[in-house]
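# An overview of the molecular structure
Each chain, written out:
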Amino acid sequence: MDLSYTPEEEEFRARLREWLAKVLPTLPAKPPPDDWPGRRAHDLGWQRMLFDAGYADVHWDASPTLRLIFLEETEKAGAPYVGANFVGLLHAGPTIAAEGTPGQRARWLPPILRGEEVWCQGFSEPGAGSDLAALRTRAWRDGDDYVVTGSKIWTSHAEVADWCELLVRTDPEAPRHRGITWLALPMDAEGITVRPLRTLAGSAEFAEVFLDEVRVPAANRVGAENDGWRVTMVTLSFERGTAFVGEVVACRRVLGELARAAWENGRWDDPVLRRRLGRLDAEFRALWRLTQWNVSEAEASGGVPGVGGSVFKLRYSHARQELYDAAADVLGPDALDLDRPWVLDRLSSLSYTIAAGTSQIQRNIVAERILGLPKGR
């Protein structure tokens, strides 16, 4: 498989680098972590700048390779992360682009690209967790609407979102994977209660969402009724396939910073630590090559990442935790100081083997869909 870039792709990279070098020094300071209205405004402002410069549509209208180059270069340059735009740009938007009707694409995609609307993700539930097919939030048809009752948890950015990509059970009698429907829920609808959740790292980017007979227009359904599981697999393929690309670049940068810090504080003399950092360097280089391979596969399959994204997500989740465990070794006693670099990152890394599907779920996917092993009983 050819993992090299074409002259046109390299030209795109050079043009993007030049633009980033010009605009990044002009950006305002990022608001504090807990100022989510401020962070929403900051993130939407950055998205508007991307839109005006012609870079906003790389997440679904451009080829997967250009998307990869964009995520790589923006992270290397220290550009703002997608932040509050995460679900819209990397999950809901690509799903609507792939599965939505022309009218749905015209309604929801331009406001995401212009930095006008924020989306959140309503998948996980208190009684289901990563067993997504066990969801119990119920929706029944009443005329032109669905009436939704239930609750969601770990709903990213719900407190500042305009829309939610929502999974509901529309046929409780059907087999677990066949009675699910994907809806676009307006977050200002009557009957919605949002309760923010504070994480171990002290941030509150997640929330519980309670739905009490919320009416959602049937026109907001993406895909057919009871076909939501298939649509969700499209969403998760993006979440596990390309959404973490920028973070791999960031981890490689952190690894270099750790090596320099170890050299400065004398811990570089420890051969075990040196060997650990060297192995992590090889790990992240391999993950980057796997990312390129997955992108090439997506190019050949119409732009939607395949199940190879589960291989990437499984290994990346553990590699990130190992990276920040190594950071604790470099910091020594300072690893307990929340004001030191990498300490909060170490706390947040603990969630990566749970978020976007637990490692256990990813192993099942790899075993059954890639290796062809029989399902467990």
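The paragraphs below set out a description of the structure included in this document.

Rules used in this analysis
- Residues numbered from 1 in each chain as written.
- Predicted model: local features only at pLDDT ≥ 70, side-chain atom pairs only at ≥ 80, totals over all residues.
- Heavy atoms only, no water.
- Axes fitted to C-alpha atoms, helices over the stretch in contact; angles between N-to-C directions.
- Helix = DSSP H or I, 4+ residues; strand = E, 2+ residues; numbered from the N terminus.
- Parallel < 35°, antiparallel > 145°, perpendicular 65-115°, else oblique.
- Left-handed = near helix turned anticlockwise from the far one by under 90°.
- Contact = heavy atoms within 4.5 Å.
- Nonpolar A, V, L, I, M, F, W, Y, C, P; charged D, E, K, R; others polar.
- Phe/Tyr/Trp six-rings, centres within 6.5 Å; stacked < 30°, edge-to-face > 60°.
- Lys NZ or Arg CZ within 6 Å of the ring centre and 35° of its normal.
- Expected span 1.5 Å × (residues − 1).
- Buried < 20%, exposed > 50% of the residue type's maximum accessible area, 1.4 Å probe, protein only.
- Lys, Arg positive; Asp, Glu negative; His and termini not counted.
- Salt bridge = Lys/Arg side-chain N within 4 Å of Asp/Glu carboxyl O.

### Observations concerning the packing of helix H4 (residues 86–99) against helix H5 (residues 102–113)
The N-to-C vectors of H4 and H5 enclose an angle of 160°; their axes lie 10 Å apart at closest approach. As the angle between them shows, H4 and H5 are arranged roughly antiparallel. The two elements H4 and H5 cross, and the hand of that crossing is left-handed. Two secondary-structure elements touch here, H4 through Gly88, Leu89, Gly93, Ile96 and Ala97 and H5 through Gln104, Arg105, Trp108, Leu109 and Ile112. Among the residues making up the contact of H4 with H5, the classes are represented as six nonpolar, three polar and one charged.

### Looking at the packing of aromatic side chains
Counted according to the given criterion, the structure contains nine aromatic pairs. Relative to Tyr55, the ring of Trp19 lies with its centre 5.3 Å away and its plane at 50°, an arrangement referred to as tilted. One end of the pair, Trp19, is in helix H1 (residues 7–23); the other, Tyr55, is in the loop between helix H2 (36–53) and helix H3 (64–76), and 36 residues separate them in sequence. In textbook terms, an aromatic cluster arises when at least three aromatic residues are bridged by ring pairs, as seen for Phe12, Trp19, Trp46 and Tyr55. In this arrangement the basic side chain of Arg39 is found over the ring face of Trp36, its NZ or CZ atom lying 4.2 Å from the centre. The residue whose ring lies beneath Arg141 is Tyr146, and the NZ or CZ to ring-centre distance is 5.4 Å.

### Considering H5
End to end, H5 covers 16 Å across twelve residues, agreeing with the expected 16 Å (1.5 Å per residue, within 8%). Just downstream of H5 lies Gly115, where phi reads positive at about 75°.

### So, the side chain of Glu165
Summarising the element assignment, Glu165 is placed in strand E4 (residues 163–169). Despite being buried, Glu165 has no salt bridge partner; Lys152 is the closest side chain of opposite charge, sitting 11 Å away. When near neighbours in sequence (up to four residues on either side) are disregarded, Glu165 contacts Val87, His91, Ala92, Trp119, Cys120, Gln121, Gly122, Phe123, Trp182, Leu183 and Thr235.

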